[in-house]
Amino acid sequence: MKKLSILILAVMSVFSINAQNSDKANKLLNEVSAKVKSYDNMVIDFKYSLENASENVSQETRGDVSINGEKYVLNLMGTTQLFDGKKIYTIIPEDQEINISTYVEEDENNITPSKMFTFYEDGYTYKWDIAQDIKGRKIQYINLTPIDSNADVKNILLGIDSETKHIYNLIQTQENGTKITITVKSFKTNQPLAKNLFSFGEDRYKDFYINRLD
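Note that the structure is a prediction, hence the values are computed from the model and not measured.

> Account for the overall build of the chain, naming residues and giving values.
Assigned secondary structure in the chain consists of one helix and twelve strands. Traced from its N-terminal end to its C-terminal end, the chain shows the element sequence α-β-β-β-β-β-β-β-β-β-β-β-β. Taking all 214 residues of the chain together, the buried fraction comes to 39%. For the chain, the share of sequence-separated contacts (at least 6 apart) that also reach a separation of at least 24 residues comes to 46%. When the accessible surface of the chain is summed, it comes to about 13000 Å², and 49% of that surface belongs to carbon and sulfur atoms.

> Pulling in residues and values, what's your account of the packing of aromatic side chains?
One pass over the full model with this rule turns up eight aromatic pairs. Aromatic pair Phe 83 and Tyr 103: ring centres 4.6 Å apart, planes at 40°, arrangement tilted. Placement of the pair is Phe 83 in strand β4 (residues 79–83) and Tyr 103 in the loop between β6 (97–102) and β7 (124–134), with a sequence separation of 20 residues. Its relative accessible area of 2% is what places Phe 83 among the buried residues. Note on Tyr 103: relative accessible area 21%, which makes it partly exposed. Taken together, the aromatic side chains of Tyr 89, Phe 200, Tyr 205 and Phe 208 make up a single cluster linked through ring pairs.

> How would you sum up unusual backbone geometry? Please name residues and give values.
If a residue is not glycine, its phi is most likely negative; likewise, a peptide bond is most likely trans. In this structure, Met 77 takes a positive phi of about 55° despite not being glycine. Mapped onto the elements of the fold, Met 77 is located in the loop between β3 (71–76) and β4. Residue Lys 135 is not a glycine yet carries a positive backbone phi of 50°. Take Lys 135: it is sitting in the loop between β7 and β8 (137–146).

> So what's going on with the environment of Ile 171? Which residues, and what values?
Note that Ile 171 resides in strand β10 (residues 167–174). When its relative accessible area of 18% is taken as the criterion, Ile 171 is described as buried. Distance in space between the C-alpha atoms of Ile 171 and Tyr 141 is 9.9 Å, their sequence separation being 30 residues. Discounting chain neighbours no more than four positions away, the residues touching Ile 171 are Tyr 141, Asn 155, Ile 156, Leu 157, Lys 179, Ile 180 and Thr 181.

Parameters and conventions
Residues numbered from 1 in each chain as written. Predicted model: local features only at pLDDT ≥ 70, side-chain atom pairs only at ≥ 80, totals over all residues. Heavy atoms only, no water. Helix = DSSP H or I, 4+ residues; strand = E, 2+ residues; numbered from the N terminus. Buried < 20%, exposed > 50% of the residue type's maximum accessible area, 1.4 Å probe, protein only. Contact = heavy atoms within 4.5 Å. Areas by Shrake-Rupley, 256 points an atom, 1.4 Å probe, with all protein chains shown as cover. Phe/Tyr/Trp six-rings, centres within 6.5 Å; stacked < 30°, edge-to-face > 60°.

Everything listed here is a matter of geometry and, on its own, says nothing about what the molecule does.
Take a look at the structure:
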């Protein structure tokens, strides 16, 4: 009986610690979300890396994105993707091709540029993870797991600067072993953006083939 009581207390203690960690994670994520939503816009330079050891795949590049609400312009790997609030324009200069499609609500586990800083609000469970000192910054990690058991994403580690409440990096591990890491190198807010930045002007691409997907 004494051993059983000790076991019950131990189990209750674990559940209590897990609940406290979940509450801490929830509080920090809410602070990040509130901070991001207070900005008129964001301009971010980042490093993107993809690795899959079993497939011997490793690549690294830099990119940048400007975000205003749901609208964004993303430059990555020689391609520009623009979302004006209704349609997505994927501009590929190398092929002189533009793909245009109507926006549909993304799968909750698919992280788009405009959702990078708020995607965790729905569809994930989360828990407090490790903290690291990176170049004098305390980065607290939150471990996110998709609620959907059929999701391609296994888990996401979200690194948050404890002082600024800005996201430092995102490490996404997929079920096939692929690891995608996005590290923020520069984070600017409330910038004087051009009025037509999030508008697509077809006349600027007269020599491009335009592929309307819907």
